[in-house]
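Chain and residue survey
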Amino acid sequence: QVHLVESGGGSVQPGGSLRLSCAASGIIFTINTMGWYRQAPDKQRELVAGIDSGGRTNYADSVKGRFTISRDNTQNTINLQMNSLEPEDTAVYYCRFQSVIGDYWGQGTQVTVSS
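Since the structure is predicted, the reported quantities are computational estimates derived from the model, not experimental observations.

1. Observations regarding the pairing of strand S10 (residues 102–105)
Of the pairings in the sheet, the one linking strand S9 (residues 91–99) to S10 comprises four bridges and is antiparallel in character. Across the sheet, the residue bridging to Arg96 is Trp105, located in S10. With antiparallel pairing between neighbouring strands as the criterion, S9 and S10 make up a hairpin whose turn holds two residues.

2. Comments concerning the packing of aromatic side chains
Enumeration according to the criterion identifies two aromatic pairs in this entry. Measuring from ring centre to ring centre gives 5.0 Å for Tyr37 and Trp105, while their planes differ by 65°; the resulting arrangement is edge-to-face. Remark: Trp105 occurs in strand S10 and Tyr37 occurs in strand S4 (residues 33–39); sequence separation between them is 68 residues. Looking at Tyr37, the relative accessible area reads 15%, which means it is buried. Judged by centre distance (6.5 Å) and plane angle (50°), the ring pair of Phe97 and Tyr104 falls under tilted. Judged by relative accessible area, which is 1%, Phe97 ranks as buried. Seen from the ring of Tyr94, Arg45 lies directly overhead, with NZ or CZ sitting 3.7 Å from the centre.

3. With respect to the pattern of salt bridges
Under the criterion given, the structure shown has seven salt bridges. Its salt-bridge partner being Glu46, residue Arg38 comes within 2.8 Å of it at the nearest N-O pair. On the accessibility criterion, Arg38 (6% relative accessible area) is buried. Between Arg38 and Asp89 there is a salt bridge, and its shortest N-O distance comes to 2.9 Å. With Arg38 in strand S4 and Asp89 in the loop between strand S8 (77–82) and S9, this residue pair connects regions lying 51 residues apart in the sequence.

4. Observations concerning unusual backbone geometry
In the Ramachandran plot, Asp42 falls in the positive-phi region, its phi being about 65° despite a non-glycine side chain. Structurally, Asp42 is set in the loop between S4 and strand S5 (46–52). Here the phi dihedral of Ser84 falls at roughly 50°; this positive angle occurs in a residue that is not glycine. Mapped onto the secondary structure, Ser84 falls in the loop between S8 and S9.

Criteria and cut-off values
Residues numbered from 1 in each chain as written. Predicted model: local features only at pLDDT ≥ 70, side-chain atom pairs only at ≥ 80, totals over all residues. Heavy atoms only, no water. Pairing = 2+ DSSP bridges. Helix = DSSP H or I, 4+ residues; strand = E, 2+ residues; numbered from the N terminus. Phe/Tyr/Trp six-rings, centres within 6.5 Å; stacked < 30°, edge-to-face > 60°. Buried < 20%, exposed > 50% of the residue type's maximum accessible area, 1.4 Å probe, protein only. Lys NZ or Arg CZ within 6 Å of the ring centre and 35° of its normal. Salt bridge = Lys/Arg side-chain N within 4 Å of Asp/Glu carboxyl O.

Here's what the structure looks like:
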């Protein structure tokens, strides 16, 4: 079992920045992929950014150049630095942990970008 705790959501004006963090605890298999997804009202959940245990990353086209995902394998945490935020980034952001032992999601954290 893996437990994910997210933090760092909130409200910000367009052009602002936020940093999300996700800490994983429990049975952590060394080889895994973690990532951030988001879901806006009346829209499907979508990948924002992912990073595997080797540090390889991938991003949604809409956030490339603005968001940066990173991880600390010693702490089993990932972070998402979000810069130049836009109203379209408003959503609930979810952390995801995938490995051979299973697929786990965090409870979500709200990000609101509004003037």
